[in-house]
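Structure assessment
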Amino acid sequence: MGDDVADEPKRDGVALTEDLIRRKAEHNEGMLSTLEEIALHQLDIDKIETLNNCRHLKIIYLQSNLIKAIEGLHRLKRLEYLNMALNNISRIQNLERCESLKKLDLTVNFIDLDELHTVGSLKNNSELEELYLTGNPCHQYWESGCRHYVIATLPQLQSFDGKAISKSERLLALQRLPDLEKELEALAQQARERKAALRHRRGGQGRGGGGEPAEVPRDGRTPAERPRVEQPQQVQRDVVGQHGQVHLALCGSAGHAHRGTGSGLRRQQRLQPLLHRAHQDRRHREGLWQGLRSTNSRQHFLAGRCGEVE
């Protein structure tokens, strides 16, 4: 009896069970066979499971969870919108058979330059019109090329990160693609080296008398080193509401930050070092997001401008 418990792998979060889906499908009387929309955000789900059995799903909200991989959705031929913002996704995969997919939101995840090429797995999703990658490391480390690389790789896109793609921009991106691909190869190697150095640093700092590395938080810092973020007593409903549209500000601002003045600008300057770390730890990111009380602050965060003003 004790061995069975010991052999069971420890999970990082909550299992996505059929019972959980039924409870979240009350609007459809708990029926999965005809379910078209499901909201599963902010539940600490660590893996996509069971959803393949809901063949009629068109809209899935999975933002603000602990999911590490896009998987278990290949039977959803009618899926049109998938929101996986604020998770732990590091690569884009396993969506090729979601042939009706029109909108994919991967805002604030962990897609770095060594995995940016996986955006090419969406080439055959001919219906895909909108893609969000704002807040991923690939944006931070390649501001000059990330957008054009994605636009040239996915010619079916009509909008990227909330900003419409013009014909002239698409043409320019296609012209730059050969050079961008070469540049990405070098940047991807740098990303791998950066990650290897971080793993080595964590292992070295965590070794005790037994020679085994101690557990280190994802952002590589001890609790004493991590900046404190004041959490509001109540989650801001205009940020993560029933449908949890974390790219809310982008939709109205086309991904650009607006002018900040007075106390708003001073607040942005104080938040600047936190914004740079925001994509490195999911719980830290979520706390920071909830701490950005003003719309202007959220727009700066989503636009990746980290305190700049126009």
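Residues numbered from 1 in each chain as written. Predicted model: local features only at pLDDT ≥ 70, side-chain atom pairs only at ≥ 80, totals over all residues. Heavy atoms only, no water.

1. Description of the overall build of the protein chain
As a reminder of what qualifies: In this text, helices come from DSSP runs of H or I with a minimum length of four residues, and strands from runs of E with a minimum of two, each type numbered from the N-terminal end. Note on exposure labels: buried denotes an accessible area under 20% of the residue type's maximum, exposed denotes more than 50%, and partly exposed covers the range between, all computed with a 1.4 Å probe on protein chains only. By definition, residues are in contact when any of their heavy atoms lie within 4.5 Å. A 1.4 Å probe and the Shrake-Rupley method give the accessible areas. Residues count as covered only by the protein chains that appear here.
When its secondary structure is counted, the protein chain shows 9 helices and 7 strands. Considering the protein chain as a whole, with its 310 residues, one finds that 46% of them fall into the buried category. Long-range pairs, those at least 24 residues apart, make up 55% of the contacts in the protein chain between residues at least 6 apart in sequence. As displayed, the protein chain has an accessible area near 16100 Å², and 47% of this comes from carbon and sulfur atoms.

2. Some words on unusual backbone geometry
Phi is positive for E29, close to 60°, though the residue is something other than glycine. By the secondary structure assignment, E29 is in the loop between helix 2 (18-24) and strand 1 (37-39).

3. A look at the nonpolar core
Under the convention used in this document: Buried residues of nine kinds, namely Ala, Val, Leu, Ile, Met, Phe, Trp, Tyr and Cys, make up a nonpolar core once their side-chain atoms join them within 4.5 Å.
One finds L51 and V150 to be the most contacted residues of the largest nonpolar core, which totals 54 residues. For this core, the secondary structure elements donating two or more residues are helix 2, helix 4 (146-153) and helix 5 (167-206). Per element, the largest residue contribution to this core is 6 residues, and it comes from helix 5. Filtering out sequence-adjacent residues up to four positions away, L51 remains in contact with L16, I21, I38, L40, L57, I60, L62, G72, L73 and L76.

4. Considering the confidence of the model for the protein chain
The condition that has to hold: A score between 0 and 100, pLDDT records how confident the predictor is in each residue.
Of all residues in the protein chain, 63% attain a pLDDT of 70 or more, and the chain-wide mean is 76. Below a pLDDT of 50 lies the segment residues 209-280, which in the model reaches 149 contacts outside its immediate sequence neighbourhood of four places, other chains included. Contacts of residues 303-310 to residues separated by more than four positions or lying in other chains number 23 contacts, the stretch itself having pLDDT below 50.

5. A look at the sheet that holds strand 5 (residues 130-132)
Strand pairing in a sheet relies on backbone hydrogen bonds, with the paired strands running either antiparallel or parallel. Put simply, the rule is: Between any two strands, pairing holds if DSSP finds at least two bridges.
Taken in spatial order, the 7 strands line up as 1-2-3-4-5-6-7 in an open sheet, and their pairing is mixed. Every other strand in the sheet has two partners, leaving strand 1 and strand 7 (163-164) as the edge strands with one partner each. Where strand 3 (residues 81-83) and strand 4 (residues 103-105) come together, 3 bridges link them in parallel fashion. Paired with N83 across the bridge in strand 4 is D105.

6. Describing the state of the cysteines
As a reminder of what qualifies: Cysteine sulfurs are considered disulfide-paired once they come within 2.5 Å of each other.
Applying the stated criterion across every chain, the model contains 0 disulfides. Not part of a disulfide, C138 finds its nearest cysteine sulfur in C146, a span of 4.1 Å. A residue is classified by how much of its surface remains accessible, and C138, at 0% relative accessible area, is buried. The class for C146 is buried, based on a relative accessible area of 1%.

7. Brief notes about the pattern of salt bridges
Note the threshold: The term salt bridge refers to a side-chain nitrogen of Lys or Arg lying within 4 Å of a carboxyl oxygen of Asp or Glu.
Summed over the entire model, instances satisfying the criterion amount to 9 salt bridges. Of the charged contacts in the structure, one is a salt bridge between R194 and D112, with a shortest N-O distance of 2.5 Å. With R194 in helix 5 and D112 in the loop between strand 4 and strand 5, the pair connects residues that are 82 residues apart, well separated along the chain. By relative accessible area, D112 is classed as buried at 4%.

8. Structural notes on the packing of aromatic side chains
What counts here: Aromatic rings from Phe, Tyr and Trp, taking only the six-membered ring of Trp, are treated as a pair when their centres fall within 6.5 Å; an angle between ring planes under 30 degrees marks them as stacked, one over 60 as edge-to-face, and anything in between as tilted.
On inspection of all chains with the given rule, the structure shows 2 aromatic pairs. Between Y61 and Y81, the aromatic rings sit 5.6 Å apart at their centres with planes inclined by 90°, giving edge-to-face as the arrangement. Taken together, the positions of Y61 in strand 2 (residues 59-61) and Y81 in strand 3 put the pair 20 residues apart, joining distant regions of the chain. Y81 shares its class with Y61; the two are buried.

9. Concerning helix 4
Three- or four-residue spacings in an α-helix give side chains the same orientation, since the helix completes a turn every 3.6 residues. Of all 8 residues making up helix 4, 8 are buried, and the element is well covered by its neighbours. All of the buried residues in helix 4 are C146, R147, H148, Y149, V150, I151, A152 and T153.

10. A word on the side chain of T134
How we decide: Pairs of N or O atoms within 3.5 Å make up the polar contacts considered here, provided that, within protein, one atom can donate a hydrogen while the other can accept it, and that residues adjacent in sequence are counted only when both atoms are side-chain atoms.
By the secondary structure assignment, T134 is in the loop between strand 5 and helix 3 (137-141). At a separation of 3.0 Å, a polar atom in the side chain of T134 contacts the side chain of D161.

11. Considering the environment of L62
On the secondary structure map, L62 appears in the loop between strand 2 and strand 3. Given the relative accessible area of 0%, L62 is considered buried. Expressed as a C-alpha distance, the spacing of L62 and D105, which sit 43 residues apart in the sequence, is 9.9 Å. With sequence-adjacent residues up to four places away left out, L62 is seen in contact with L40, H41, I45, I48, L51, I67, L82, N83, M84 and N87.

12. A word on the environment of G162
Checked against the element boundaries, G162 lands in the loop between strand 6 (159-160) and strand 7. Each C-alpha atom of the pair G162 and E130 lies 7.7 Å from the other, and the pair is 32 residues apart in sequence.

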